[in-house]
Amino acid sequence: MGQDPRQTLEDIEATREDLGRKVDELVDRAKVEAGELGKKLSVGAAGMAVVALLGYIAKRRVR
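Residues numbered from 1 in each chain as written. Predicted model: local features only at pLDDT ≥ 70, side-chain atom pairs only at ≥ 80, totals over all residues. Heavy atoms only, no water.

> So, the overall build of the chain: which residues are in play, and what are the values?
The secondary structure content of the chain amounts to one helix and zero strands. A compact globule built from 63 residues would reach a C-alpha radius of gyration of about 11 Å, whereas the chain, at 27 Å, exceeds it by more than 25%. Along the first, second and third principal axes, the C-alpha atoms of the chain reach 90 × 10 × 5 Å. The buried share of the chain, taken over its 63 residues, is 2%. Roughly 5,900 Å² of accessible area belongs to the chain as shown, and the carbon and sulfur atoms make up 62% of that amount. Treating the 12 positive side-chain charges of the chain as one cloud and the 11 negative ones as another, the clouds have centres 25 Å apart. (Helix = DSSP H or I, 4+ residues; strand = E, 2+ residues; numbered from the N terminus. Rg over C-alpha atoms; globule rule 2.2 N^0.38 Å. Buried < 20%, exposed > 50% of the residue type's maximum accessible area, 1.4 Å probe, protein only. Areas by Shrake-Rupley, 256 points an atom, 1.4 Å probe, with all protein chains shown as cover. Lys, Arg positive; Asp, Glu negative; His and termini not counted. Charge placed at Lys NZ, Arg CZ, Asp CG, Glu CD.)

Next comes the structure, spelled out in structure tokens:
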């Protein structure tokens, strides 16, 4: 921080803008990662549904 109050204010504003940009980047990254996780969970759930369906069909054929 500078000795001059005006310089101090400029430093604070610059820091605030920098932190704001970093927070926006982190939020965007979190949204992308959450979307990827959602896709992976969807594929896994679909796979489990297929396995359950095949098990049900196999069980009925055995009877």
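After that view of the structure, there is still more to cover.
> Can you break down the pattern of salt bridges residue by residue, with the values?
For the structure shown, the criterion picks out three salt bridges. For Arg16, the salt bridge is made with Glu13, and the minimal N-O distance between the two is 3.6 Å. Of this pair, Arg16 and Glu13 both sit in helix α1 (residues 5-62), three residues apart, which is roughly one turn of the helix. The shortest N-O distance in the salt bridge between Asp18 and Arg21 comes to 3.5 Å. Of the two residues, Asp18 and Arg21 are both situated in helix α1; the distance of three residues between them amounts to about one turn of the helix. Under the relative-accessibility criterion, Arg21 is labelled partly exposed at 47%. (Salt bridge = Lys/Arg side-chain N within 4 Å of Asp/Glu carboxyl O.)

> Just give me the short version of a nonpolar patch on the surface, but keep the residues and values in it.
A cluster of nonpolar side chains, Val50, Leu53, Leu54, Tyr56 and Ile57, forms an exposed patch at the surface whose accessible area comes to about 490 Å². Mapped onto the secondary structure, Leu53 falls in helix α1. (Patch = residues over 30% accessible without salt bridge, like charges linked within 9 Å, V, L, I, M, F, W, Y side chains within 5 Å.)

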